[in-house]
Amino acid sequence: MVPAVSAQSLTPAKPVVRAMQAVKPTDIKKHIWYLADDKLRGRQPGTPGYQLAVDYVVGQLKELGMQPAGDNGTYTQTVRLRRATTLPGATLSIDGRSLTYGPDFTLNPNPGAPDNTVGAPLAFAGYGISAPELGYDDYAGLDVQGKVVVVVRGAPGSFPSTVASASQDLLVVMQTALQHGAVGVLVGSTNPKAPTPSPTVKRQTYNVLDAQGQVANSRTSLKGMQVVGNLSTPAFQRLLVASQLDTTQVLPALRSGKPASNALAGTLQAKYQSGYQDFESYNVVAKLPGTDAQLRDQYVVHSAHLDHLGVGVPVRGDSIYNGAHDNASGVASVLEIAKIYSKLKGQDRPKRSVLFVLQTGEELGLLGSAYFASHPTVPKENIVADINTDMPTIIAPLLSVVALGAQHSSLMTPVERATKYMGISLEQDPEPEQNRFIRSDQYSFVMQGIPALHIKYGNKTADGRNNLSEQVQVWRAATYHKPQDDTTGTFDFEAGRKYAQLNFLIGYQVAQNPQRPTWNPGDFFGTRFGRK
């Protein structure tokens, strides 16, 4: 029996409710304890520890009866990673005036071209945003053809938080510049207190190569971008002053939503070389085939990133960055979601097929998800939604959640039904300044036009103070991206159980609904990335 739903309510069939009870807090703990064990050495892509994590996850999915959905009938998709480094000796000058590498500027390596020489005029393009549908366009009336654009990071105060986050993402800034004919992007610093890099600093980025060895995905460079880098606050201010622009007027104008774009005096000359180190990692991909003849070739994705930071700088005597919360807990959640699906029989099994995707390279710039979303192991047009789980922060009872990204598509409806059924409050993001919507793997799917969401904790607390975000900030300061994110920390495994059940219910509704999810009419992300 398929769950009966109305616009307001969700009533799962009894077998579905029983299947949800298969999620046990002790099993979530078991998964986290294995993945965050010291022997995995922080699950850094390309290391034996990461391979142990891959083997564990594949073994769990096999036991649950999930079918291989990776490359060539396997459970894995190969992700070829390239570590690119800007080599010493990079030079940059404007009208013959040389800037000093480190104190004045840094350049991103070019992952597809080891030797680069650039000569181009300059233009100031404000935030580098072109969103005429929101009444704002830094490129309106600005000729940047063949030029290097100089931008500052930010967005007008009138932009919704998720739109503001996406608009200042460097990848989107580069794409927008390229669409307008620019050949480079330099980001000017507006923080005079920012630390000055050493002249010996090496700029290092990670990128994905395709099977032919060409750059397939990068968040720090694009084909056609001859130069991408940063200017220090003094160098940026000198550049504007030379063109009779005043930062004390320009920056407030931008914040108020008034573009301040202008051609800049002078010509840029840059020369730099990039060095490469290539290695392989893997996404894990498994599937549960759907039961409906018309819908089984469509897919709902449940995703989480499997990697973490490996072994690094010691903090309080520990150098293994175990990533227990980030993101062993999210992987544990996806494995338990797969367990729920495995318990469904007959007519209760999902109509659409379900993919379980555990991605590599999230900590390197959402690279594994970017590669899967753009080069999936199933037809891309048949992926209807992504339900992502990244560091659910199971340190307190789960009383309320934020559905990051759901407000942009019809995915909000299954979220509202599932939270109501489970007695969980649905809230607005208590920390919009964290820019989480574009900082985790669901955004890779969004950029391929696929509606996606990411469930995070809300603010509600059992004592009625409703200040969970404040508690999380204290916890995060002590543990996030530190060796202290290990199995000695704070955990609420019952909250982990509810996360898994909630995300299952959201995905299950999508899998059962004959109508595939759609972007809201006129939505920013649907307009930018939605399938035409």
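Residues numbered from 1 in each chain as written. Predicted model: local features only at pLDDT ≥ 70, side-chain atom pairs only at ≥ 80, totals over all residues. Heavy atoms only, no water.

1. Description of the environment of Thr 91
Turning to step 1, where the next piece is worked out: Its location among the elements puts Thr 91 in strand E5 (residues 91–94).
Turning to step 2, where the next piece is worked out: The exposure class assigned to Thr 91 is partly exposed, which follows from its relative accessible area of 42%.
Turning to step 3, where the next piece is worked out: Sequence separation between Thr 91 and Ala 177 is 86 residues, and the spatial gap between their C-alpha atoms is 23 Å.
Turning to step 4, where the next piece is worked out: Thr 91 has contacts with Phe 105, Leu 107, Gln 269, Ala 270 and Lys 271, leaving out every residue within four places of it along the chain. (Helix = DSSP H or I, 4+ residues; strand = E, 2+ residues; numbered from the N terminus. Buried < 20%, exposed > 50% of the residue type's maximum accessible area, 1.4 Å probe, protein only. Contact = heavy atoms within 4.5 Å.)

2. Description of the packing of helix H3 (residues 48–63) against helix H8 (residues 324–343)
Turning to step 1, where the next piece is worked out: Where H3 meets H8, the closest approach of the two axes is 10 Å, and the angle between their N-to-C directions is 15°. Taken together, the axes of H3 and H8 are roughly parallel relative to one another. Considering how the two elements wind past one another, H3 and H8 form a crossing that is right-handed. On H8, the residues that touch Tyr 56, Val 57, Gln 60 and Leu 61 of H3 are Val 331, Leu 335 and Ala 338.
Turning to step 2, where the next piece is worked out: Across the contact of H3 with H8, the residue classes break down as 6 nonpolar, 1 polar and no charged. (Axes fitted to C-alpha atoms, helices over the stretch in contact; angles between N-to-C directions. Parallel < 35°, antiparallel > 145°, perpendicular 65-115°, else oblique. Left-handed = near helix turned anticlockwise from the far one by under 90°. Nonpolar A, V, L, I, M, F, W, Y, C, P; charged D, E, K, R; others polar.)

3. Considerations on the nonpolar core
Turning to step 1, where the next piece is worked out: Core analysis: the largest hydrophobic core is formed by 84 residues, its most contacted members being Tyr 443 and Phe 525.
Turning to step 2, where the next piece is worked out: Element by element, the count of residues in this core is highest for helix H5 (residues 170–179), at 6 residues.
Turning to step 3, where the next piece is worked out: Leaving out residues up to four positions away in the same chain, Phe 525 has contacts with Thr 162, Val 163, Ala 166, His 408, Phe 437, Tyr 443, Val 446, Trp 519 and Gly 530.
Turning to step 4, where the next piece is worked out: Counting residues in each nonpolar core, the second largest holds 74 residues, with Ala 13, Ile 32, Val 334 and Leu 398 among its members. (Core = buried A, V, L, I, M, F, W, Y, C linked by side-chain atoms within 4.5 Å.)

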